[in-house]
Amino acid sequence: MDDDVERGNPRPSAWCVVYANGEEAIGLRYAWHSDRVDPLEIANSPSSVSQLELPQRVAFPGARSVVGNTGVISTTSCKTSAGSYFTLSVLLEGVNVTADAHRSSLEQFMRAYFPATVKTLGCG
């Protein structure tokens, strides 16, 4: 696993790549920024590294989130030295972009992982 995330000294954007059987399976993108973003706009933007297939908003307590066929994005207020907001994108590699087989699992993963991750960031 390649991990460039340093919670003590966060960079504006960092990737953590998870490999399965020697191939990239999941990409987690940790991003800190000064302005509030709309995860649906990120998911739909052709210039975004976190583009999702068929994204839809989902209700997460304390976060703005979207889930698509190929990933999930959540963002929340999180004041750190790197910015005032934190966004996490979880992107699947090598999946059928037209199939919705992973949407429920992605949403369940983010519901557990996102709040736990935000808790470790020491948001002020």
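Preceding block: the structure.
So, how was this worked out
- Residue positions are given per chain, counting from 1 as you read along its sequence in written order.
- With pLDDT at 70 or above as the cut-off, local features in this predicted model cover only qualifying residues; side-chain atom pairs require 80 or more to be listed or tallied, and sums for whole chains, interfaces and linings still use all residues.
- Side-chain metrics rest on all non-hydrogen atoms present in the structure, leaving aside hydrogens and water.
- We call a set of buried residues a nonpolar core when its members are Ala, Val, Leu, Ile, Met, Phe, Trp, Tyr or Cys and they connect through side-chain atoms within 4.5 Å of each other.
- Three exposure classes are used, based on accessible area relative to the maximum for each residue type with a 1.4 Å probe and protein chains only: buried under 20%, partly exposed in between, and exposed over 50%.
- Here a strand is any run of E in DSSP of at least two residues, a helix any run of H or I of at least four, and the numbering for each starts at the N terminus.
- We call two residues in contact when some of their heavy atoms are within 4.5 Å.
- We call two strands paired when DSSP finds no fewer than two bridges between them.

Chemist: I'm lost on the nonpolar core in this one. Help?
Modeler: Generally speaking, soluble globular proteins have nonpolar side chains that are buried together. Ranked by size, the top nonpolar core spans 19 residues in total, and within it Tyr 30, Phe 86, Leu 88, Val 90, Met 110 and Phe 114 carry the most contacts. Broken down by secondary-structure element, the contributors of at least two residues to this core are β3 (23-33), β4 (56-60), β5 (63-67), β6 (71-80), β7 (83-92) and α2 (103-120). Residues contacting Phe 86, with those up to four places away along its chain left out, are Tyr 30, Ala 31, Trp 32, His 33, Ser 74, Thr 75, Thr 76, Cys 78, Phe 114, Thr 117, Val 118 and Leu 121. In terms of nonpolar packing, the next biggest core, distinct from the first, is built from 5 residues, Ala 43, Leu 52, Ile 73 and Leu 91 among them.

Chemist: Can you help me understand the pairing of β3 in this one?
Modeler: Looking along a regular strand, one sees side chains alternate from face to face of the sheet. Strand direction decides the pairing type here: strand β2 (residues 13-20) and β3, joined by 8 bridges, are antiparallel. The partner of Val 17 across the bridge, within β3, is Gly 27. Taking the residues between adjacent antiparallel strands as the criterion, β2 and β3 are bridged by 2 residues, where Asn 21 takes a positive phi near 55°. Bridge analysis of β3 against β7 gives 8 bridges, and the strand direction is antiparallel. By the bridge assignment, Leu 28 is partnered in β7 with Val 90.

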